Amino acid sequence: LFAIDASEYAMDQEEITANLGGLRTTIKKLQTEEAHARLLLENTKRTYTLAQAQLDRAIQLRKDAIGNQTDVERAEEKVTLAKNEVEAVERELSVYPIRIEEVEQSVKAEDARLKRVALDIKRSKVHAPFRGRVELANVEAGQYLNSFDEAVTLANDSILEVPIKLDARSAQQWLRFDDAAGSTLSWFDAVAKVPCEIRWTENDVAASWVGTLDRVE
């Protein structure tokens, strides 16, 4: 029927797609850094274990009167440094899952925006919901439409209502009312929906149709 200018939606789609690419790259970067931090943690723990072993050896040598207090103090300093480095890497590792989760939440938000923009682009082209004809068009090229504006009035000619005027006597003779229905919405709400043959009086042979009695007005 008509199409809405979707150029801004398309630009939003490109922007969101680029943002998603950047966010996914950030996740990969954080995962790589986390893997490197785990390797670093293994190395620092190994260094800490070696420093602790050297301290134990220095203490034993001092007890055996072979070493001295200076060697012990130097070994203790190395143990302290190695322990601090292990704790620093462990703290860094504990933060990576939180940072990755934050970026993943941003990815979900951008995914939702991308779906919304895709829906806007899909809705920018308005198609008739049935095969019919345009009775009235209230939209022109370049016009700005608000929500719920009546742009086009359609007619579905596959379903046609034909009102027939009957006098009271003919209505009493031809219409079938169902008294058992017990409805009080209107005077003639319980009419039987019987099949009807409709003919054009000027050409009752070629122009005839079959319908159903729907209601009484």
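Located above this text is the structure these notes cover.
Please read all numbers here as calculations on a predicted model, not as lab measurements.

(A) Spotlight on the side chain of Glu-34. Within the secondary structure, Glu-34 is located in helix H1 (residues 7-63). For Glu-34, a relative accessible area of 13% gives the class buried. Setting aside anything within four residues of it in sequence, one finds Glu-34 in contact with Leu-93, Tyr-96, Pro-97 and Ile-100.

(B) Structural context of the side chain of Glu-110. Checked against the element boundaries, Glu-110 lands in helix H2 (residues 69-123). Setting aside residues no more than four positions away along its own chain, Glu-110 makes contact with Ile-16, Asn-19, Leu-20 and Leu-23.

(C) Representation of the environment of Leu-50 in the model. By the element assignment, Leu-50 lies in helix H1. You can call Leu-50 exposed: its relative accessible area is 53%.

(D) Just the nonpolar core, in detail. Of all hydrophobic cores here, the largest spans 15 residues; its most connected members are Ile-27, Leu-30, Leu-41, Leu-93, Tyr-96, Val-103 and Val-107. Looking at this core element by element, the count peaks at eight residues for H2. Those residues in contact with Leu-30, other than ones at most four positions away along the chain, are Tyr-96, Arg-99, Ile-100 and Val-103. Formed by seven residues, the second largest nonpolar core is a distinct cluster that contains Ala-51, Leu-55, Ala-58 and Val-79.

(E) Expanded view of unusual backbone geometry. Despite not being glycine, Phe-148 has its phi angle at roughly 70°, a positive value. You can see Phe-148 is positioned in the loop between strand E3 (133-137) and strand E4 (152-155). Given a relative accessible area of 84%, Phe-148 falls into the exposed group.

(F) Quick look at H1. End to end, H1 covers 83 Å across 57 residues, agreeing with the expected 84 Å (1.5 Å per residue, within 8%). Buried residues of H1: Ile-16, Leu-20, Leu-23, Ile-27, Leu-30, Glu-34, Ala-37, Leu-41, Thr-44, Ala-51, Leu-55 and Ala-58, and no others. Directly after H1, the chain includes Ala-65, whose backbone phi takes a positive value near 65°.

(G) Structural context of the layout of surface pockets. Here the largest pocket is characterised by a volume of approximately 1300 Å³. Surrounding the largest pocket, 31 residues form its lining, Val-162, Ile-164, Cys-196, Thr-212 and Leu-213 being those nearest its centre. Contributing elements (two or more residues each) for the lining of the largest pocket: helix H3 (168-174), strand E5 (195-199) and strand E6 (208-212). Of the residues forming the lining of the largest pocket, the biggest block, five residues, is contributed by E5.

(H) Seen up close, a nonpolar patch on the surface. Side chains of Leu-160, Val-162, Ile-164 and Leu-166 sit close together on the surface and give an oily, nonpolar patch of about 420 Å² of accessible area. Within the fold, Leu-160 resides in the loop between E4 and H3.

(I) The arrangement of a negative patch on the surface in detail. On the surface, Asp-5, Glu-8, Asp-12 and Glu-15 cluster together to form a negatively charged patch. Residue placement: Asp-5 occurs in the loop between strand E1 (2-3) and H1.

(J) Just the environment of Ser-106, in detail. Positionally, Ser-106 belongs in helix H2. A residue is classified by how much of its surface remains accessible, and Ser-106, at 32% relative accessible area, is partly exposed.

(K) Fine view of the pattern of salt bridges. With the rule as written, the count across this model stands at ten salt bridges. Here Arg-215 and Glu-161 are joined by a salt bridge, their closest N and O atoms 3.0 Å apart. You can see Arg-215 sitting in the segment after E6 and its partner Glu-161 sitting in the loop between E4 and H3, a full 54 residues away along the chain. Residue classification places Arg-215 among the partly exposed residues on the basis of a relative accessible area of 40%. The class for Glu-161 is exposed, based on a relative accessible area of 54%. In this structure, Glu-217 engages Arg-215 in a salt bridge whose closest nitrogen and oxygen atoms are separated by 3.7 Å.

(L) Structural context of the packing of H1 against H2. Where H1 contacts H2, the two axes come as close as 7 Å, and the packing angle between them is 165°. If you check the angle between H1 and H2, you find them roughly antiparallel. Between H1 and H2 lies a crossing whose hand is left-handed. Residues that form the contact of H1 with H2 fall into these classes: 31 nonpolar, eleven polar and 19 charged.

Cut-offs applied
Residues numbered from 1 in each chain as written. Predicted model: local features only at pLDDT ≥ 70, side-chain atom pairs only at ≥ 80, totals over all residues. Heavy atoms only, no water. Helix = DSSP H or I, 4+ residues; strand = E, 2+ residues; numbered from the N terminus. Buried < 20%, exposed > 50% of the residue type's maximum accessible area, 1.4 Å probe, protein only. Contact = heavy atoms within 4.5 Å. Core = buried A, V, L, I, M, F, W, Y, C linked by side-chain atoms within 4.5 Å. Expected span 1.5 Å × (residues − 1). 1 Å grid on protein atoms, 1.4 Å probe; cavity = no way out; pocket = protein on both sides within 12 Å on 5 of 7 lines; lining within 4 Å. Points joined across faces, edges and corners; volume = space filled by probe spheres on them. Patch = residues over 30% accessible without salt bridge, like charges linked within 9 Å, V, L, I, M, F, W, Y side chains within 5 Å. Areas by Shrake-Rupley, 256 points an atom, 1.4 Å probe, with all protein chains shown as cover. Salt bridge = Lys/Arg side-chain N within 4 Å of Asp/Glu carboxyl O. Lys, Arg positive; Asp, Glu negative; His and termini not counted. Charge placed at Lys NZ, Arg CZ, Asp CG, Glu CD. Axes fitted to C-alpha atoms, helices over the stretch in contact; angles between N-to-C directions. Parallel < 35°, antiparallel > 145°, perpendicular 65-115°, else oblique. Left-handed = near helix turned anticlockwise from the far one by under 90°. Nonpolar A, V, L, I, M, F, W, Y, C, P; charged D, E, K, R; others polar.

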